[in-house]
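# A structural walkthrough
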Amino acid sequence: MNKSLRKAVIAGNWKMNKTPAETTALINEMKPLVADADCDVVLCVPYVDIFAAVEAAKGSNIKIGAENCHWAASGAFTGEVSAEMLKACGVEYVITGHSERRTYFGDTDVTVHDRTRAALDNGLNVILCVGEYLEQREQNITMEVVRSQVKIALAGVSEEELGKVIIAYEPVWAIGTGKTATADQAEEVCKAIRDLICELYSKEAADKFVVQYGGSMNAKNADELVDKEDVDGGLIGGASLKAPDFAAIVKAASK
Ligand code: PEP
């Protein structure tokens, strides 16, 4: 496997933070700091901030994503937003399967699959999140959990469509907790995901496939994590809310 075949992706996940005015200010602060990035830069923002984000990012190398999408095209789904609506607002990426959606909002492997399908059907790039709970790691079933999440989410996704999918390996115990997986733990699972892509698709597809790490990645630990052979950047929560911190992670992934 050859890391040089892939361009790293650093994606921010703002979660439920920032008003539209704060969005404009933060993106304006970030733009000059990440302008020289030698990696793809994405910011996934709350639905209500999408217009402000798309407008602020115009003409820059920052791409805008959403944090979720519904699986149906339209209909009686109060409070939900479809992939088609996101696309129409200028969104290029969408996160599916984030552990906070799985834990607090009842997302299952099957609904994650359906949301991923809808995003791909609408030409969006998908950041598909997978990862184990602490108890599952302690039971030594991390690989089974992650393999099963990936297999179900990608069922029916063609090798061509796979070009629009990134997987973010996010151990749930490391998200928002300040506890980062060690670089070796991150590498072990990211490599296993790439091996699974090879098994399900082809070596060529696996070589090109972007696998990120996510979970308390910050300006201090980013270097060591993104240096690993199978870690192609990161999905960043807390540290994506501060321009200098996010820019430092982008810099680490640009080496
Ligand atoms: C995330 O929200 O995907 C995430 C990794 O959060 P944090 O960086 O805050 O752990």
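Located above this text is the structure these notes cover.
Everything in this summary refers to the structure shown in the same document.

With that settled, the discussion passes to the site of the ligand. The local shell around the ligand holds 14 residues, among which K15, E170, G176, S216 and G237 are the closest. For the ligand, an oxygen atom lies 2.7 Å from a polar atom in the backbone of S216. Measuring from an oxygen atom of the ligand, one finds a backbone N or O atom of G237 at 2.8 Å. A total of 290 Å² of accessible area belongs to the ligand in isolation, and the protein chains cover 96% of it.

All right, on to the environment of N17 then. For N17, the location among the structural elements is in the loop between β1 (9-13) and α1 (20-34). Judged by its relative accessible area of 32%, N17 falls in the partly exposed class. Residue contacts for N17: discarding those within four places in its chain leaves P46, D49 and L241.

A few words on the sheet that holds strand β7 (residues 211-214). Strands sit in the order β1-β2-β3-β4-β5-β6-β7-β8 around a closed barrel of 8 strands; the barrel is parallel. The mean inter-strand angle of the sheet, taken between neighbouring strand axes irrespective of direction, is 25 degrees. Bridge count for β1 against strand β8 (residues 233-236) is 4 bridges, and the pairing is parallel. Across the sheet, residue A11 finds its bridge partner in β8, namely L235. Each of β1, β2 (40-45) and β8 is contacted by helix α12 (residues 243-253), which is oriented at about 160 degrees to β1, the strand it contacts most.

Of the two faces of β8, the one lined by G233 and L235 and the one lined by G234 and I236 are each fully buried. Relative to β8, β7 is paired through 2 bridges, and the arrangement is parallel. Paired with G214 across the strands is L235, a residue of β8.

What counts, and where the lines are drawn
- Residues numbered from 1 in each chain as written.
- Predicted model: local features only at pLDDT ≥ 70, side-chain atom pairs only at ≥ 80, totals over all residues.
- Heavy atoms only, no water.
- Near = heavy atom within 4 Å.
- Polar contact = N/O pair within 3.5 Å; in protein donor to acceptor, adjacent residues only side chain to side chain.
- Areas by Shrake-Rupley, 256 points an atom, 1.4 Å probe, with all protein chains shown as cover.
- Helix = DSSP H or I, 4+ residues; strand = E, 2+ residues; numbered from the N terminus.
- Buried < 20%, exposed > 50% of the residue type's maximum accessible area, 1.4 Å probe, protein only.
- Contact = heavy atoms within 4.5 Å.
- Pairing = 2+ DSSP bridges.
- Axes fitted to C-alpha atoms, helices over the stretch in contact; angles between N-to-C directions.

All quantities given are derived from atomic positions and should not be read as evidence of function.
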